[in-house]
Amino acid sequence: IGSLMCGVVVPVNFDGEVTESTTEVGMGVEFCRTLAAALFHGGYNDVSFLTFRETDNNSYIALDNYTVDVLVGARPENRFGFDFSTPYYWGDATASNGTNSLSFATRENDHMFSSFVNC
């Protein structure tokens, strides 16, 4: 691959550029840049971002059809065909959706990225 395509899952109320965010969204963006730097010999800018709202399923469709290499901001859950990292962010334990953590996600059959998110 020539660059990393990173899907960024954002909250419904998020408004702005993911690359300028100072919230957990920005934390995910920085993790994508770090992954790009590891893959491309320090090339932390060798990454593109595609944004998805957390209320739709399009992020997992994009991951499944190879539109994106990894997702950040994914909520770890039982989804057939996907692997999730150890959560990198723990939010408010009283979250209304019952899930308060964010992880990397990738395709289970993608050996390069699957091994990364499961380290």
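Residues numbered from 1 in each chain as written. Predicted model: local features only at pLDDT ≥ 70, side-chain atom pairs only at ≥ 80, totals over all residues. Heavy atoms only, no water.

A.B. asks: Pulling in residues and values, what's your account of the overall build of the protein?
C.D. replies: When you go through the protein residue by residue, the secondary structure sums to three helices and six strands. When the helices and strands of the protein are placed in sequence order, the string is β-α-β-α-β-β-β-β-α. For the protein, with 119 residues in total, the buried portion stands at 41%. For the protein, restricting intrachain contacts to residue pairs at least 6 apart in sequence, the fraction spanning at least 24 positions comes to 60%. If you sum the accessible surface of the protein, you get close to 6,600 Å²; carbon and sulfur atoms cover 50% of it. (Helix = DSSP H or I, 4+ residues; strand = E, 2+ residues; numbered from the N terminus. Buried < 20%, exposed > 50% of the residue type's maximum accessible area, 1.4 Å probe, protein only. Contact = heavy atoms within 4.5 Å. Areas by Shrake-Rupley, 256 points an atom, 1.4 Å probe, with all protein chains shown as cover.)

A.B. asks: An account of the environment of Ser48 is requested, with residue identities and associated values reported.
C.D. replies: Structurally, Ser48 can be placed in strand β2 (residues 47-53). With relative accessibility at 31%, the residue Ser48 sits in the partly exposed group. Separated by 43 residues in sequence, Ser48 and Met5 have C-alpha atoms that sit 5.0 Å apart.

A.B. asks: Go over the nonpolar core with me, naming the residues and quoting the values.
C.D. replies: In this structure, Leu4, Cys6, Val8, Val18, Val70 and Val72 are the most contacted members of the largest nonpolar core, which totals 18 residues. Elements with a contribution of two residues or more to this core: β1 (4-10), α1 (24-39), β3 (70-74) and β6 (101-107). The biggest single contributor to this core is α1, with five residues. What Cys6 contacts, discounting residues up to four positions off in sequence, is Cys32, Val47, Ser48, Phe49, Leu50, Val68, Val70 and Val72. (Core = buried A, V, L, I, M, F, W, Y, C linked by side-chain atoms within 4.5 Å.)

A.B. asks: So, α1: which residues are in play, and what are the values?
C.D. replies: For α1, which comprises 16 residues, the first-to-last C-alpha distance of 23 Å matches the rise-based estimate of 22 Å (1.5 Å per residue) to within 8%. All buried positions along α1 are accounted for by Val25, Gly26, Gly28, Val29, Cys32, Arg33, Leu35 and Ala36. (Expected span 1.5 Å × (residues − 1).)

A.B. asks: Please give an account of the state of the cysteines that cites residues and values.
C.D. replies: This structure, assessed with the given rule, holds one disulfide. Each disulfide pairs two cysteine sulfurs, and for Cys6 the partner residue is Cys32, the sulfurs being separated by 1.8 Å. Of the two residues, Cys6 is situated in strand β1 and Cys32 in helix α1; the sequence distance between them amounts to 26 residues. Per residue, the accessibility class of Cys6 equals that of Cys32, and both read buried. (Disulfide = S-S within 2.5 Å.)

A.B. asks: Any details on unusual backbone geometry? Residues and values, ideally.
C.D. replies: A positive phi is found at His41, a non-glycine position, where the angle reads about 50 degrees. Relative to the helices and strands, His41 resides in the loop between α1 and β2. When its relative accessible area of 79% is taken as the criterion, His41 is described as exposed. Notably, Tyr66 is not glycine yet its phi reads approximately 70 degrees, a positive angle.

A.B. asks: Quick rundown of the pattern of salt bridges? Include the residues and the values.
C.D. replies: Summed over the entire model, instances satisfying the criterion amount to three salt bridges. Between Arg75 and Glu54 there is a salt bridge, with the nearest N and O atoms lying 2.9 Å from each other. A residue pair is termed long-range when its members are at least 10 positions apart, and Arg75 in the loop between β3 and β4 (82-84) and Glu54 in the loop between β2 and α2 (58-64) qualify at 21 residues. A relative accessible area of 33% means that Glu54 is categorised as partly exposed. The shortest N-O distance in the salt bridge between Asp110 and Arg107 comes to 2.7 Å. With respect to burial, Asp110 and Arg107 carry one shared label: buried. (Salt bridge = Lys/Arg side-chain N within 4 Å of Asp/Glu carboxyl O.)

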